[in-house]
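Residue-level structural notes
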Amino acid sequence: MPVVLENLGKRFGDGAPVLDDVNASIAQGEFVALLGASGCGKSTLLNIMAGLELPTSGALEVPSDGAAFMFQDAALFPWLTARENIELALKLRGVGKSERRTKANELLDLVHLGGAGDKRPHELSGGMRQRVSLARSLAQDRQLLLMDEPFAALDAITRDLLHDELERIWKETGRTIVFVTHNVREAVRLGQRVLLLSSRPGRVVQEWNVTEEHRTDAGLAGQLTGVITARLREEIRRHAK
Amino acid sequence: MPNKQTPLVELAETPISTRSITGQASSITDEPETRKVHAALTRSSTGNEDLRELESGLDSLQSDAARAARIDWSRILLPVAALVVLVLAWQFYVSLGFKRRDLVPGPLDVLGQFGTLWADGSLQEAVWTSLQRGIVGFLISVVIATPIGLLLAQVAPLRRAFGPLISGLQVLPSVAWVPAAIIWFGLTDATVYFVVFMGAIPSIINGLISGVDQIPPQYRSVGTVLGASRLQMALQIVLPAALPGYLSGLKQGWAFSWRSLMAAEIIAVGGTIGFGLGSMLDQGRDLSDMTIVMSAILLILAVGILIELLVFAPIEKRLLRRRGLLAGSTR
């Protein structure tokens, strides 16, 4: 189990806990969608897994070499070209200079951006930026890839394509992926397992398995989406005054 | 990967979102017939090649076509026109004859003085001496100020301790250091350089610090996630990210060096201090020759404008263009 969360809790200062008693374990090579309404602490949970924040209680087990992370906006460095952004990740990992260029080109090719390596981030469309960002997080070469609503700001056409793209890359590279989203359809489309996080405090309240049949049978997938949406709304309604 | 084309269907009219929810018990056993299905639920492309093609089509739709850069003549002609208008206005005012000609010389008188100064070589000497000092002093200031600025920006206790002092030093006119410098170093070049340093270093440090303050916090998160060490973070991420702010700090630092230099040259004359533009200004005052004073002022201004146009403007433009920050600006 590359990731194990045990009774994990997090509060900022003296405020109400953001996360409380979170329990989950994620298997090697698994694609887990972490679903929740706004303010349920899913990004906080991801940051804790990435080592960007520390939990205030409980324990977690993550790979010792850390995790790759993909942010909601591409977070590419504007002073570097697409290729240099990827090369920087390789450089900070300690990859030699000659190897960096070849590796970066391979990764650009993997995300179907072979011809755009010399472009700067502002010259790329939102979808292309996210693909460069994906390539950069793959350049980190970590078994665990954490994704924080990476497609939330994209238009629907681009998002659908990137779902296909991510699934393909996940299958090709065999990474363990934790994908945070507030979009039920996206969670069902991508995850092998969907974990629903409650809001204030965040806690895993229910989980669903998504099988290969759901990937090809739109009716089945729609049914599961309905069920999860209903449960999510129930969770939101709890907070109504 | 299965290449089965999935139908993008809507099986029934009733959207899922309008169903009433029946409490805790709602589960997967709900009836499957009435579902509105969205394309995003299943794969929307059929295999790698199809995906590659779709993506490249979308990429070209969403990217701007590159536009060829052309020389914008208004950029050159407008400033020249403004200059001509100013000189004409000056000539017009002088020809009205409100003031004595030796108190307010006309453009032609000053031009004549330029010729005289050029002929005896003092113009070239003054410009060269001052420019050389200004540039050397500025470059040394950059070398001193950059590590200090980075250190202050990155280490919170240092910043808290020395930040106010540095800001204060920027407010203090560097001319105030001239008497102290003369007492310590006498009438030597050291005096001039000391004053230049005291003017330029604080403003470069401040520029760098404010550049660092304006870095989006996410860049540091990315750096941490990518495994950057403290030094790598400072050099590979913080410094390049702060470059626009740093550059305006450098511009201001240059302006401060140049001004401080002039002030030092006007006050400290003689000894082993050579003949600079400030000295020329002082000489003009001693001789009560307004044309020399005007010549010196115009030369000081011209050097400032030329350095801005030939050094800073191209660097800044390139920097901003590469980051996509130039669109819509009036530069």
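So, how was this worked out
Residues numbered from 1 in each chain as written. Chains lettered and ligands numbered in written order. Predicted model: local features only at pLDDT ≥ 70, side-chain atom pairs only at ≥ 80, totals over all residues. Helix = DSSP H or I, 4+ residues; strand = E, 2+ residues; numbered from the N terminus. Rg over C-alpha atoms; globule rule 2.2 N^0.38 Å. Buried ≥ 20, exposed ≤ 12 C-beta atoms within 10 Å, placed from the backbone. Expected span 1.5 Å × (residues − 1). Bend = angle between axes of the 7 residues up to and from the residue. Pairing = 2+ DSSP bridges. Axes fitted to C-alpha atoms, helices over the stretch in contact; angles between N-to-C directions. Core = buried A, V, L, I, M, F, W, Y, C linked by C-beta atoms within 7 Å. Domains from an automatic or database assignment. Contact = placed C-beta atoms within 7 Å. pLDDT = per-residue confidence, 0-100.

Moving on: the overall build of chain A. Counting secondary structure elements, chain A contains eight helices and nine strands. The C-alpha radius of gyration computed for chain A amounts to 18 Å, which stays within 12% of the reference 18 Å derived for 241 residues, consistent with globular compactness. Overall, the C-alpha framework of chain A stretches about 55 × 45 × 35 Å when taken along its three principal axes. Evaluated residue by residue, chain A yields a buried proportion of 52% over its 241 residues.

What follows deals with helix H4 (residues 122-154) of chain B. For H4 of chain B, built from 33 residues, the straight-helix expectation of 48 Å at 1.5 Å per residue is met to within 8% by its first-to-last C-alpha distance of 47 Å. The largest bend in H4 of chain B is about 30°, located at Ala-145 of chain B, with the proline Pro-147 of chain B one to four residues further on.

Here we come to the sheet that holds strand S1 (residues 3-10) of chain A. All names here are of chain A. One open sheet holds the three strands; their spatial order is S2-S1-S4, and the pairing between them is antiparallel. In this open sheet, the two edge strands, each paired with only one partner strand, are strand S2 (19-26) and strand S4 (57-61). Here the average twist between neighbouring strands, direction ignored, is 10°. Pairing analysis gives five bridges linking S1 to S2, with the strands arranged antiparallel. Of the residues in S2, the one forming a bridge with Lys-10 is Leu-19.

As a further point, take the nonpolar core. Among the nonpolar cores identified, the biggest contains 132 residues, and Leu-34, Leu-35, Met-49, Leu-146, Val-178 and Phe-179 of chain A together with Val-195 of chain B are the most heavily contacted of them. A per-element tally of this core places helix H7 (residues 189-213) of chain B first, with 14 residues. Two domains each put at least three residues into this core: domain 1 (1-67 + 143-241) and domain 2 (78-141) of chain A. Setting aside residues no more than four positions away along its own chain, Leu-146 of chain A makes contact with Leu-46, Met-49, Ala-50, Ala-67, Ala-68, Phe-69 and Val-178 of chain A.

Across chain A, the average pLDDT comes to 83, with 99% of residues at 70 or higher. Averaged pLDDT values over the elements of chain A bottom out at 79 in helix H7 (residues 212-216) of chain A and peak at 89 in strand S7 (residues 176-181) of chain A.

Often, the extent of an interface is quoted as the loss of accessible area upon association of its parts. Residue and element names in this part refer to chain A. According to the domain assignment, chain A consists of domain 1 (1-67 + 143-241) and domain 2 (78-141). Between the C-alpha centres of domain 1 and domain 2 there is a distance of 26 Å. Taken together, the ten residues of domain 1 in the interface contact eight residues of domain 2. At five residues, the largest contribution of residues to the side of domain 1 that touches domain 2 is made by helix H5 (residues 156-173).

Residue and element names in this part refer to chain A. In this fold, Arg-83 is placed in helix H2 (residues 82-92). Take Arg-83: there are 21 C-beta atoms within 10 Å of it, and that puts it in the buried class. Counting along the chain gives 90 residues from Arg-83 to Thr-173, while the straight-line C-alpha distance between them is 20 Å. Among all residues touching Arg-83, those that are not within four sequence positions of it are Ala-104, Leu-108, Gly-117 and Asp-118.

All names here are of chain A. Spatially, six strands are ordered S5-S6-S7-S3-S8-S9 in an open sheet, and the strand pairing comes out mixed. Bordering the open sheet on either side are strand S5 (68-70) and strand S9 (204-209), each of which pairs with just one other strand. On average, each strand axis in the sheet is tilted by 20° relative to the strand beside it, whichever way the strands run. Two elements, strand S3 (residues 31-36) and strand S8 (residues 193-197), share five bridges in a ladder whose sense is parallel. Bridge assignment links Leu-34 to a residue of S8, and that residue is Leu-195.

With that settled, the discussion passes to the environment of Arg-189 of chain A. Residues and elements named next belong to chain A. Here Arg-189 lies in helix H6 (residues 184-190). C-beta crowding within 10 Å serves as the criterion here: with 28 such atoms nearby, Arg-189 is assigned to the buried category. Between the alpha carbons of Arg-189 and Asp-164 there is a distance of 9.1 Å; along the sequence they are 25 residues apart.

The subject of this paragraph is helix H12 (residues 290-322) of chain B. All names here are of chain B. For H12, built from 33 residues, the straight-helix expectation of 48 Å at 1.5 Å per residue is met to within 8% by its first-to-last C-alpha distance of 47 Å. All buried positions along H12 are accounted for by Thr-291, Ile-292, Val-293, Met-294, Ser-295, Ala-296, Leu-299 and Ile-300. Where the residues of H12 are buried, they touch helix H3 (107-119), H4, helix H10 (243-267) and helix H11 (277-286). Looking one or two residues past H12, Gly-324 carries a phi angle of roughly 70°, positive in sign.

In this section: unusual backbone geometry. Most peptide bonds take the trans form, and the phi angle of most residues other than glycine is negative. The residue Asp-141 of chain A is not glycine, and still its phi comes out positive at about 55°. Relative to the elements of secondary structure, Asp-141 of chain A occurs in the loop between helix H4 (126-139) and strand S6 (144-148). Classification of Asp-141 of chain A as partly exposed rests on a count of 15 C-beta atoms within 10 Å. One non-glycine residue, Ser-288 of chain B, adopts positive backbone phi at about 50°. Within the secondary structure, Ser-288 of chain B sits in the loop between H11 and H12. Residue class for Ser-288 of chain B comes out exposed when judged on the 10 C-beta atoms lying within 10 Å of it.

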